[in-house]
Amino acid sequence: MKNNRYSLRALALLLGYPDAALRANALQLVDAIDEEGALPAARRAELRALAQELVRQDPMESEARFVDTFDRGRATSLHLFEHVHGDSRDRGPAMVDLVQTYEKAGLLMGPDELPDHLCVVLEFASTQPPAVAKEFLGEMAHILNAIFSALLQRGSPYAAAVAAVLELTGERVQAVPIVADEALDEAWAEPEAFGGCSTKGQAKPGEAQPIHIVRKSAPAQGVAV
């Protein structure tokens with residue numbers, strides 16, 4: 001099976017925050033991808049276009065675009081478990097399991113990293129034998145296709161990087177239906193003063209407040225309440 005560890009590591013960096021270090025090395029990253037030759041020529045050309053844009057674009061514009069692309073809504077979030085578990089309690093145990101997977105391979109997480117971030121996932125995969133990396137990333141193909149589709153819908157050049165990950169795992173790159181999600185800034189917005197208890201809950205003063213009546217039933221025998 002063809003080795004693609006350099007391509008995986010380069011994609012992990014290209015999908016990171018476009019700070020000065022990334023912009024200085026962006027073209028060298030796609031040079032490494034070209035040299036390894038694990039991706040189709042057309043995809044490598046798209047990645048080079050992304051790298052060239054990072055190099056020539058005003059740094060503040062690159063950084064603002066990155067934040068707008070990946071930090072303003074769940075559909076394009078690079079935190080993979082955000083797409084599966086959202087804010088549910090299941091996300092915590094899933095994170096622990098992923099950290100344990102890394103630790104069993106002899107890798108420890110940095111203090112400022114979350115294990116489900118795509119860049120971390122790719123870094124881990126790049127350290128594994130090709131067959132293991134392919135299986136590991138293949139389990140996330142449905143999430144990656146959803147992120148790819150959301151980026152494609154927005155016309156983002158980062159769509160090429162996510163598509164490249166799918167191609168390295170041998171998975172089909174395909175557009176899937178996207179459920180429009182609420183921007184995180186709105187989802188986490190505090191209600192205005194005296195405007196109700198939540199942005200979607202209690203009605204504002206002066207508005208009709210629905211009353212929900214629930215019939216109380218005796219608990220079934222043997223069931224703790």
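These numbers come from a predicted model, not from an experiment.

### Remarks on the pattern of salt bridges
Inspection of the entire model under this criterion finds 10 salt bridges. For the salt bridge of Arg9 with Glu123, the shortest nitrogen-to-oxygen distance reads 3.6 Å. Of this pair, Arg9 sits in helix α1 (residues 5-14) while Glu123 sits in helix α7 (residues 118-126); the two residues are 114 residues apart in sequence, bridging distant segments of the chain. Here Arg43 makes a salt bridge to Glu167, at a shortest N to O gap of 2.9 Å. In this pair, Arg43 sits in helix α3 (residues 41-56) while Glu167 sits in helix α10 (residues 159-168), placing the two residues 124 residues apart along the sequence. With a relative accessible area of 15%, Arg43 lands in the buried category. Put simply, Asp31, Asp34, Arg44 and Arg48 are held in one network by salt bridges that share partners.

### Regarding the side chain of Asn4
Inspection of the secondary structure puts Asn4 in the segment before α1. Since its relative accessible area comes to 10%, Asn4 is described here as buried. Here Leu168 takes part through its backbone oxygen, which lies 3.3 Å from a polar atom of the side chain of Asn4. With near-sequence residues (within four places) excluded, Asn4 lies in contact with Glu36, Ala38 and Leu168.

### Points about α7
Where burial is concerned, most of α7 is hidden: eight out of the nine residues are buried. Those residues of α7 that sit buried are Leu118, Cys119, Val120, Val121, Leu122, Phe124, Ala125 and Ser126. Here the buried face of α7 lies against α1, α5 (80-84), α6 (91-104), α8 (130-138), α9 (141-153) and α10.

### With respect to the packing of aromatic side chains
Overall, the coordinates contain six aromatic pairs when judged by the stated rule. Ring plane angle 85 degrees and centroid distance 5.7 Å describe the contact between Tyr17 and Phe66, whose orientation is recorded as edge-to-face. Note that Tyr17 is positioned in the loop between α1 and α2 (20-36) and Phe66 in helix α4 (residues 59-70), a separation of 49 residues in sequence. Tyr17 gets classed as partly exposed once you look at its relative accessible area, which sits at 41%.

### A few points about the packing of α2 against α3
For the pair α2 and α3, the least separation of the axes is 8 Å and the interaxial angle reads 170 degrees. Considering their axes alone, α2 and α3 lie roughly antiparallel with respect to each other. In this structure, α2 contributes Arg23, Ala26, Leu27, Val30, Asp31, Ile33 and Asp34 to the contact, and α3 contributes Arg44, Leu47, Arg48, Ala51, Gln52, Leu54 and Val55. Taken together, the residues of the contact of α2 with α3 sort by class into eight nonpolar, one polar and five charged.

### Section: the nonpolar core
Residues Leu11, Leu15, Leu47, Leu122 and Phe136 are the most contacted members of the largest nonpolar core, which totals 52 residues. Ranked by residues supplied to this core, first place goes to α10 with nine residues.

### What to know about the confidence of the model for the protein
For the protein, the average pLDDT comes to 83, and 76% of its residues sit at 70 or higher. Low pLDDT, under 50, characterises residues 187-191; the predicted model gives this stretch eight contacts beyond four residues in sequence or across chains. Note on residues 209-214: pLDDT is under 50 here. Beyond four places in sequence and across chains, it has two contacts.

Calculation rules
Residues numbered from 1 in each chain as written. Predicted model: local features only at pLDDT ≥ 70, side-chain atom pairs only at ≥ 80, totals over all residues. Heavy atoms only, no water. Salt bridge = Lys/Arg side-chain N within 4 Å of Asp/Glu carboxyl O. Helix = DSSP H or I, 4+ residues; strand = E, 2+ residues; numbered from the N terminus. Buried < 20%, exposed > 50% of the residue type's maximum accessible area, 1.4 Å probe, protein only. Polar contact = N/O pair within 3.5 Å; in protein donor to acceptor, adjacent residues only side chain to side chain. Contact = heavy atoms within 4.5 Å. Phe/Tyr/Trp six-rings, centres within 6.5 Å; stacked < 30°, edge-to-face > 60°. Axes fitted to C-alpha atoms, helices over the stretch in contact; angles between N-to-C directions. Parallel < 35°, antiparallel > 145°, perpendicular 65-115°, else oblique. Nonpolar A, V, L, I, M, F, W, Y, C, P; charged D, E, K, R; others polar. Core = buried A, V, L, I, M, F, W, Y, C linked by side-chain atoms within 4.5 Å. pLDDT = per-residue confidence, 0-100.

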